[in-house]
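Structure assessment
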Amino acid sequence: MALTIDIKSAEGKKVGDVNLPSEIFDAQTNIPLIHQVVVAQLAAARSGTAKAKTRAEVSGSGKKPFKQKGTGRARQGSVRAPLQRHGGVSHGPVPRKYDQRTPKKMIAAALRGVLSDRQREDRIHCVSSITETPTTRGAISAVRQFSDRKNVLVVLSRNEDVAWRSLRNADNLHLIVNDQLNAYDVLIADDIVFSESAIREFIAGPAKAAVAVARESEVVEVSA
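Keep in mind that this is a model prediction, so the values were computed, not measured. (Residues numbered from 1 in each chain as written. Predicted model: local features only at pLDDT ≥ 70, side-chain atom pairs only at ≥ 80, totals over all residues. Heavy atoms only, no water.)

Now for the packing of aromatic side chains. The geometry of an aromatic ring pair is captured by the separation of the ring centres together with the interplanar angle, meaning the angle of the planes. Counted by the stated rule, this structure contains 2 aromatic pairs. Consider the rings of Phe-25 and Phe-202, whose centres lie 6.4 Å apart with planes at 75°: the pair is edge-to-face. A residue pair is termed long-range when its members are at least 10 positions apart, and Phe-25 in helix H1 (residues 22–25) and Phe-202 in helix H7 (residues 196–204) qualify at 177 residues. Side by side, Phe-25 and Phe-202 carry an identical accessibility label, which is buried. The interplanar angle of 40° and the centroid separation of 6.2 Å between the aromatic rings of Phe-194 and Phe-202 together place this pair among those described as tilted. Each member of the pair, Phe-194 as well as Phe-202, is classed as buried. Among the aromatic side chains, those forming a connected cluster through ring pairs are Phe-25, Phe-194 and Phe-202. One Lys or Arg, Arg-46, reaches over the ring of Tyr-98 and ends 3.7 Å from the middle of that ring. (Phe/Tyr/Trp six-rings, centres within 6.5 Å; stacked < 30°, edge-to-face > 60°. Helix = DSSP H or I, 4+ residues; strand = E, 2+ residues; numbered from the N terminus. Buried < 20%, exposed > 50% of the residue type's maximum accessible area, 1.4 Å probe, protein only. Lys NZ or Arg CZ within 6 Å of the ring centre and 35° of its normal.)

Their axes nearest at 9 Å, the elements helix H2 (residues 31–44) and helix H3 (residues 104–120) cross at an angle of 120°. The way H2 lies across H3 gives a crossing that is left-handed. In contact with Leu-33, Ile-34, Gln-36 and Val-37 of H2, H3 contributes Met-106, Ile-107, Ala-109, Ala-110, Gly-113 and Val-114. Among the residues forming the contact of H2 with H3, the class breakdown is 8 nonpolar, 2 polar and no charged. (Axes fitted to C-alpha atoms, helices over the stretch in contact; angles between N-to-C directions. Left-handed = near helix turned anticlockwise from the far one by under 90°. Contact = heavy atoms within 4.5 Å. Nonpolar A, V, L, I, M, F, W, Y, C, P; charged D, E, K, R; others polar.)

Take helix H4 (residues 136–144) next. All of the buried residues in H4 are Ala-139, Ala-142 and Val-143. With its buried residues spanning 95° around the axis, H4 presents them on a single face. One side-chain oxygen at the N-terminal end of H4 lies 3.3 Å from the backbone nitrogen of Gly-138; it belongs to Thr-135. (Arc of directions from axis to C-beta. Polar contact = N/O pair within 3.5 Å; in protein donor to acceptor, adjacent residues only side chain to side chain.)

We now examine the pattern of salt bridges. Tallying each qualifying case throughout the model produces 8 salt bridges. Taking the shortest distance from any N to any O, the salt bridge between Arg-120 and Asp-26 comes out at 3.1 Å. A residue pair is termed long-range when its members are at least 10 positions apart, and Arg-120 in helix H3 and Asp-26 in the loop between H1 and H2 qualify at 94 residues. On the basis of relative accessibility, which here comes to 43%, the residue Arg-120 falls in the partly exposed class. Looking at Asp-26, the relative accessible area reads 36%, which means it is partly exposed. The salt bridge involving Arg-123 is made with Glu-121; its shortest N-O contact spans 3.6 Å. Under the relative-accessibility criterion, Arg-123 is labelled partly exposed at 21%. The exposure class assigned to Glu-121 is partly exposed, which follows from its relative accessible area of 38%. (Salt bridge = Lys/Arg side-chain N within 4 Å of Asp/Glu carboxyl O.)

Moving on to the nonpolar core. Of all hydrophobic cores here, the largest spans 31 residues; its most connected members are Phe-25, Leu-115, Leu-153, Val-155, Leu-181, Val-186 and Phe-194. The residues contacting Leu-115, other than those within four sequence positions of it, are Ile-24, Phe-25, Ile-124, Leu-181, Val-186 and Phe-202. Counting residues in each nonpolar core, the second largest holds 15 residues, with Ala-142, Val-152, Leu-156 and Val-193 among its members. (Core = buried A, V, L, I, M, F, W, Y, C linked by side-chain atoms within 4.5 Å.)

Listed below in C-alpha coordinates is the structure:
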(Lines give C-alpha, C1' and ligand atoms only; values in the text may rest on other atoms or scores of the structure.)
Protein backbone atom coordinates (compact mmCIF):
# COMPACT_ATOMS: atom_id res chain seq x y z
CA MET A 1 0.00 0.00 0.00
CA ALA A 2 1.37 3.42 -0.98
CA LEU A 3 0.49 6.89 0.24
CA THR A 4 0.22 9.87 -2.08
CA ILE A 5 1.04 13.53 -1.56
CA ASP A 6 0.47 16.38 -3.97
CA ILE A 7 3.30 18.08 -5.81
CA LYS A 8 2.75 21.82 -6.03
CA SER A 9 4.47 24.45 -8.09
CA ALA A 10 6.13 27.50 -6.58
CA GLU A 11 2.89 29.40 -7.28
CA GLY A 12 0.80 26.89 -5.31
CA LYS A 13 -0.80 24.96 -8.20
CA LYS A 14 -0.98 21.18 -8.17
CA VAL A 15 1.22 19.75 -10.90
CA GLY A 16 1.24 16.07 -9.95
CA ASP A 17 1.66 13.65 -7.09
CA VAL A 18 4.21 11.23 -5.72
CA ASN A 19 3.69 7.84 -4.13
CA LEU A 20 5.21 7.36 -0.68
CA PRO A 21 6.05 3.78 0.35
CA SER A 22 4.06 2.86 3.44
CA GLU A 23 7.09 1.03 4.87
CA ILE A 24 8.76 4.42 5.29
CA PHE A 25 5.94 6.93 5.69
CA ASP A 26 3.37 4.80 7.51
CA ALA A 27 5.50 2.82 9.94
CA GLN A 28 5.02 2.38 13.67
CA THR A 29 6.47 5.22 15.76
CA ASN A 30 8.62 3.83 18.55
CA ILE A 31 9.22 6.75 20.92
CA PRO A 32 11.88 5.08 23.16
CA LEU A 33 13.83 4.03 20.08
CA ILE A 34 13.68 7.54 18.60
CA HIS A 35 14.82 9.00 21.92
CA GLN A 36 17.80 6.67 22.07
CA VAL A 37 18.87 7.47 18.51
CA VAL A 38 18.49 11.24 18.96
CA VAL A 39 20.44 11.21 22.24
CA ALA A 40 23.22 9.26 20.54
CA GLN A 41 23.29 11.71 17.63
CA LEU A 42 23.53 14.73 19.93
CA ALA A 43 26.20 13.01 22.02
CA ALA A 44 28.29 12.30 18.92
CA ALA A 45 28.17 16.00 18.05
CA ARG A 46 29.86 16.98 21.32
CA SER A 47 33.50 17.94 20.92
CA GLY A 48 34.66 16.54 24.26
CA THR A 49 37.70 18.85 24.37
CA ALA A 50 37.10 20.44 27.80
CA LYS A 51 40.18 20.19 29.98
CA ALA A 52 40.95 21.41 33.50
CA LYS A 53 44.42 21.32 35.01
CA THR A 54 45.04 19.25 38.10
CA ARG A 55 47.30 20.36 40.96
CA ALA A 56 50.17 18.57 39.22
CA GLU A 57 49.73 20.63 36.04
CA VAL A 58 49.15 24.20 37.27
CA SER A 59 52.01 26.64 37.71
CA GLY A 60 53.14 27.37 41.21
CA SER A 61 55.80 26.76 43.81
CA GLY A 62 55.98 23.67 45.95
CA LYS A 63 56.57 25.85 48.97
CA LYS A 64 54.22 25.58 51.91
CA PRO A 65 52.06 28.77 51.82
CA PHE A 66 52.19 29.35 55.58
CA LYS A 67 53.33 27.53 58.67
CA GLN A 68 51.46 24.49 59.92
CA LYS A 69 50.38 25.83 63.29
CA GLY A 70 49.64 29.09 65.00
CA THR A 71 47.79 30.94 62.24
CA GLY A 72 44.27 29.74 63.03
CA ARG A 73 43.78 28.73 59.43
CA ALA A 74 43.35 25.28 57.98
CA ARG A 75 46.65 23.62 57.22
CA GLN A 76 47.86 23.84 53.64
CA GLY A 77 50.78 22.14 51.99
CA SER A 78 50.89 23.77 48.54
CA VAL A 79 49.69 26.84 46.69
CA ARG A 80 48.67 24.49 43.87
CA ALA A 81 46.10 22.69 46.03
CA PRO A 82 42.46 22.89 44.85
CA LEU A 83 41.51 24.97 47.92
CA GLN A 84 44.02 27.68 47.00
CA ARG A 85 43.41 30.56 44.60
CA HIS A 86 44.75 29.64 41.13
CA GLY A 87 45.17 26.10 42.33
CA GLY A 88 44.37 22.96 40.41
CA VAL A 89 40.91 21.51 39.86
CA SER A 90 39.96 18.28 41.52
CA HIS A 91 37.88 15.86 39.43
CA GLY A 92 37.73 18.37 36.57
CA PRO A 93 36.80 17.56 32.95
CA VAL A 94 39.30 15.80 30.73
CA PRO A 95 39.17 15.19 26.95
CA ARG A 96 36.85 12.30 26.16
CA LYS A 97 34.53 10.92 23.50
CA TYR A 98 30.78 10.91 23.98
CA ASP A 99 30.03 8.58 21.08
CA GLN A 100 27.42 5.89 21.59
CA ARG A 101 27.10 2.75 19.52
CA THR A 102 23.93 2.93 17.44
CA PRO A 103 23.23 0.15 14.92
CA LYS A 104 22.19 1.25 11.43
CA LYS A 105 18.90 -0.61 11.76
CA MET A 106 17.97 1.48 14.79
CA ILE A 107 18.86 4.71 12.96
CA ALA A 108 16.74 3.66 9.97
CA ALA A 109 13.83 2.64 12.21
CA ALA A 110 13.94 5.98 14.05
CA LEU A 111 13.88 7.90 10.76
CA ARG A 112 10.93 5.86 9.54
CA GLY A 113 9.11 6.54 12.79
CA VAL A 114 9.47 10.32 12.73
CA LEU A 115 8.68 10.56 9.01
CA SER A 116 5.56 8.47 9.53
CA ASP A 117 4.49 10.65 12.44
CA ARG A 118 4.86 13.81 10.34
CA GLN A 119 3.03 12.21 7.43
CA ARG A 120 0.08 11.19 9.59
CA GLU A 121 -0.20 14.81 10.71
CA ASP A 122 -0.03 16.05 7.08
CA ARG A 123 3.21 17.89 7.70
CA ILE A 124 5.18 16.50 4.76
CA HIS A 125 4.92 18.54 1.58
CA CYS A 126 6.44 18.56 -1.88
CA VAL A 127 7.19 21.39 -4.30
CA SER A 128 8.09 20.77 -7.93
CA SER A 129 10.79 23.43 -8.10
CA ILE A 130 11.61 25.97 -5.41
CA THR A 131 13.19 28.51 -7.74
CA GLU A 132 14.82 28.68 -11.14
CA THR A 133 16.79 31.87 -10.50
CA PRO A 134 18.61 33.00 -7.33
CA THR A 135 15.89 34.87 -5.44
CA THR A 136 15.46 34.57 -1.71
CA ARG A 137 12.00 36.13 -1.61
CA GLY A 138 10.61 33.81 -4.26
CA ALA A 139 12.22 30.72 -2.72
CA ILE A 140 10.86 31.53 0.74
CA SER A 141 7.40 32.10 -0.75
CA ALA A 142 7.52 28.71 -2.49
CA VAL A 143 8.41 26.97 0.78
CA ARG A 144 6.13 28.97 3.06
CA GLN A 145 3.02 28.29 0.96
CA PHE A 146 2.62 25.02 2.87
CA SER A 147 2.95 26.23 6.44
CA ASP A 148 3.32 29.31 8.62
CA ARG A 149 4.76 27.32 11.52
CA LYS A 150 8.08 28.50 12.84
CA ASN A 151 10.59 25.74 12.02
CA VAL A 152 10.56 24.25 8.54
CA LEU A 153 12.96 21.60 7.24
CA VAL A 154 13.72 21.93 3.53
CA VAL A 155 15.09 18.80 1.86
CA LEU A 156 16.95 19.35 -1.41
CA SER A 157 18.92 17.20 -3.81
CA ARG A 158 22.62 17.83 -4.28
CA ASN A 159 22.23 19.40 -7.72
CA GLU A 160 19.82 22.15 -6.60
CA ASP A 161 22.49 24.78 -6.07
CA VAL A 162 20.23 27.72 -6.97
CA ALA A 163 17.63 26.77 -4.35
CA TRP A 164 20.35 26.17 -1.76
CA ARG A 165 21.91 29.61 -2.33
CA SER A 166 18.50 31.27 -2.23
CA LEU A 167 17.46 29.73 1.11
CA ARG A 168 20.68 29.30 3.05
CA ASN A 169 20.30 32.61 4.93
CA ALA A 170 16.54 32.44 5.51
CA ASP A 171 15.37 32.53 9.14
CA ASN A 172 13.71 29.44 10.63
CA LEU A 173 14.50 27.34 7.54
CA HIS A 174 16.91 24.45 7.92
CA LEU A 175 18.34 23.01 4.71
CA ILE A 176 19.52 19.45 4.33
CA VAL A 177 20.45 17.10 1.50
CA ASN A 178 18.12 14.14 1.02
CA ASP A 179 20.82 11.53 1.69
CA GLN A 180 21.63 13.20 5.03
CA LEU A 181 18.08 13.18 6.37
CA ASN A 182 18.03 12.11 10.02
CA ALA A 183 15.58 11.64 12.87
CA TYR A 184 16.73 14.67 14.88
CA ASP A 185 16.25 17.23 12.11
CA VAL A 186 12.83 15.80 11.25
CA LEU A 187 11.84 15.72 14.91
CA ILE A 188 12.60 19.38 15.66
CA ALA A 189 10.92 20.60 12.45
CA ASP A 190 7.27 21.60 12.43
CA ASP A 191 6.94 20.86 8.71
CA ILE A 192 9.10 19.13 6.10
CA VAL A 193 9.18 20.44 2.54
CA PHE A 194 10.79 18.20 -0.10
CA SER A 195 11.69 19.30 -3.56
CA GLU A 196 10.37 16.85 -6.14
CA SER A 197 13.83 15.66 -7.12
CA ALA A 198 14.85 15.28 -3.46
CA ILE A 199 11.89 13.12 -2.46
CA ARG A 200 12.23 10.91 -5.54
CA GLU A 201 15.93 10.44 -4.88
CA PHE A 202 15.23 9.71 -1.21
CA ILE A 203 12.65 7.06 -2.07
CA ALA A 204 14.94 5.50 -4.66
CA GLY A 205 18.05 5.68 -2.48
CA PRO A 206 18.18 5.60 1.35
CA ALA A 207 14.46 4.90 1.61
CA LYS A 208 14.81 1.86 -0.62
CA ALA A 209 17.55 0.53 1.63
CA ALA A 210 15.39 1.26 4.68
CA VAL A 211 12.56 -0.77 3.16
CA ALA A 212 14.93 -3.70 2.75
CA VAL A 213 15.74 -3.77 6.47
CA ALA A 214 12.25 -2.83 7.68
CA ARG A 215 11.20 -6.36 8.51
CA GLU A 216 14.56 -7.24 10.03
CA SER A 217 14.43 -4.24 12.36
CA GLU A 218 10.96 -5.03 13.71
CA VAL A 219 12.61 -7.10 16.43
CA VAL A 220 14.79 -4.11 17.34
CA GLU A 221 11.77 -1.79 17.52
CA VAL A 222 9.87 -4.14 19.82
CA SER A 223 12.80 -4.71 22.17
CA ALA A 224 13.93 -1.05 22.33
